[in-house]
Amino acid sequence: MIVMSKNTGESPESIIEKAAKYFGEGGLGLREVERGRLCISFEGGGGYVTISYEASNQGKDAAVDVQTREWDFHAKEFLATL
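Predicted, not measured: the structure shown is a model, and the values here were computed from it.

### Topic: the side chain of Asp65
Piece 1. With respect to the helices and strands, the residue Asp65 is situated in strand S5 (residues 62-69).
Piece 2. Buried charge Asp65 goes without a salt bridge, the closest partner of opposite sign being Lys6 at 12 Å.
Piece 3. Looking at Asp65, its side chain comes within polar contact range of the side chain of Ser5, at 2.7 Å.
Piece 4. Those residues in contact with Asp65 that sit more than four places away from it in its chain are Met4, Ser5, Thr50, Ile51, Ser52 and Glu54.

In structure tokens, the structure reads:
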């Protein structure tokens, strides 16, 4: 398991939608198992990916956290797109 984080100025809706396209059926084909306003999770290929959005107290950049097992390379690539 690995946990990564990146700051972004994007909205939570944008992050969740990008994650769904990247990891879900239209992208890597992982099965979406949970979706909320600030998080989304996928399973498949013997691993999982969970992306969560944490707003900043200062109203500026927010943190996007990615927790993954077996999908490390793709999680890093996803964060690079933000």
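### Here we look at the pattern of salt bridges
Piece 1. Taken as a whole, this structure holds 4 salt bridges when the rule is applied.
Piece 2. Arg31 is the salt-bridge partner of Glu43, the closest N and O atoms lying 2.9 Å from each other. With Glu43 in strand S3 (residues 39-44) and Arg31 in strand S2 (residues 31-35), this pair connects stretches of sequence that are 12 residues apart.
Piece 3. Of the charged contacts in the structure, one is a salt bridge between Glu32 and Arg35, with a shortest N-O distance of 2.9 Å.
Piece 4. Residue Arg35 is classed as partly exposed on the basis of its relative accessible area of 43%.
Piece 5. Each of the salt bridges in this network shares a partner with another, and the network as a whole consists of Glu17, Glu32 and Arg35.

### A few points about the environment of Glu54
Piece 1. Relative to the helices and strands, Glu54 is located in strand S4 (residues 47-54).
Piece 2. Put simply, Glu54 and Leu28 are 26 residues apart on the chain and 24 Å apart in space, counted from C-alpha to C-alpha.
Piece 3. If we skip the residues at most four places from it in the chain, Glu54 touches Ala62, Ala63 and Asp65.

### Remarks on the nonpolar core
The nonpolar side chains of soluble globular proteins are, as a tendency, buried together.
Piece 1. In this structure, Ala19, Phe23, Ile40, Phe42, Val49, Ile51 and Val64 are the most contacted members of the largest nonpolar core, which totals 20 residues.
Piece 2. Elements with a minimum of two residues in this core: helix H1 (12-23), S3, S4, S5 and helix H2 (72-80).
Piece 3. With 5 residues, the single largest contributor to this core is H1.
Piece 4. Those residues in contact with Ala19 that sit more than four places away from it in its chain are Gly24, Ile40, Phe42, Ile51 and Phe78.

The rules we used
Residues numbered from 1 in each chain as written. Predicted model: local features only at pLDDT ≥ 70, side-chain atom pairs only at ≥ 80, totals over all residues. Heavy atoms only, no water. Helix = DSSP H or I, 4+ residues; strand = E, 2+ residues; numbered from the N terminus. Buried < 20%, exposed > 50% of the residue type's maximum accessible area, 1.4 Å probe, protein only. Lys, Arg positive; Asp, Glu negative; His and termini not counted. Salt bridge = Lys/Arg side-chain N within 4 Å of Asp/Glu carboxyl O. Polar contact = N/O pair within 3.5 Å; in protein donor to acceptor, adjacent residues only side chain to side chain. Contact = heavy atoms within 4.5 Å. Core = buried A, V, L, I, M, F, W, Y, C linked by side-chain atoms within 4.5 Å.

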